[in-house]
Amino acid sequence: WTNSAKCYALGLKFSYVLSTCFCGICTALGWGCTYGCLGFATIWFMIPFFKCYNIVLAVMRKIFSSVIDAFVGPCFETAGLILSKIAIKQIKE
């Protein structure tokens, strides 16, 4: 049993070293390229896009708030004034 355990350990170590030499280098290269492309896309595409998006949203927010203040605000103010005049009295019988 001792020789079979040594044989198993040697085979395991040999196959691990062999697969690491062949597959590990390719896997490391693949992950390195993936993270490199991800970093490039983040720095040169995503961050400028989000900054531009925030600038456009600031303009759209001003336009939208002006439209709401001009058209919807007076309607709600009028409705509030009309509904504030309603008085409810409770009559006990």
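Okay, so let's go over this structure. (Residues numbered from 1 in each chain as written. Predicted model: local features only at pLDDT ≥ 70, side-chain atom pairs only at ≥ 80, totals over all residues. Heavy atoms only, no water.)

What follows covers the overall build of the protein chain. A count of helical and extended segments in the protein chain gives 1 helix and 0 strands. Relative to its length of 93 residues, the protein chain is extended, with a C-alpha radius of gyration of 35 Å against a globular reference of 12 Å. Its C-alpha atoms give the protein chain principal-axis dimensions of roughly 100 × 55 × 10 Å. Taking all 93 residues of the protein chain together, the buried fraction comes to 0%. Working note: accessible area of the protein chain is about 9100 Å², and carbon and sulfur atoms make up 76% of it. (Helix = DSSP H or I, 4+ residues; strand = E, 2+ residues; numbered from the N terminus. Rg over C-alpha atoms; globule rule 2.2 N^0.38 Å. Buried < 20%, exposed > 50% of the residue type's maximum accessible area, 1.4 Å probe, protein only. Areas by Shrake-Rupley, 256 points an atom, 1.4 Å probe, with all protein chains shown as cover.)

Moving on, we come to the packing of aromatic side chains. For the structure on display, the rule yields 4 aromatic pairs. Here the aromatic residues Phe49, Phe50 and Tyr53 are joined through ring pairs into a cluster of three or more. (Phe/Tyr/Trp six-rings, centres within 6.5 Å; stacked < 30°, edge-to-face > 60°.)

Here we come to helix H1 (residues 2-84). A rise of 1.5 Å per residue sets the reference length of H1, with its 83 residues, at 123 Å; its end C-alpha atoms lie only 94 Å apart and thus fall more than 12% short of the reference. Along H1, the largest kink reaches about 40° and is centred on Thr42. (Expected span 1.5 Å × (residues − 1). Bend = angle between axes of the 7 residues up to and from the residue.)

We now examine the state of the cysteines. Under the criterion given, the structure shown has 0 disulfides. Sulfur of Cys26: no disulfide; nearest cysteine sulfur belongs to Cys23 and is 6.8 Å away. Under the relative-accessibility criterion, Cys26 is labelled exposed at 55%. (Disulfide = S-S within 2.5 Å.)

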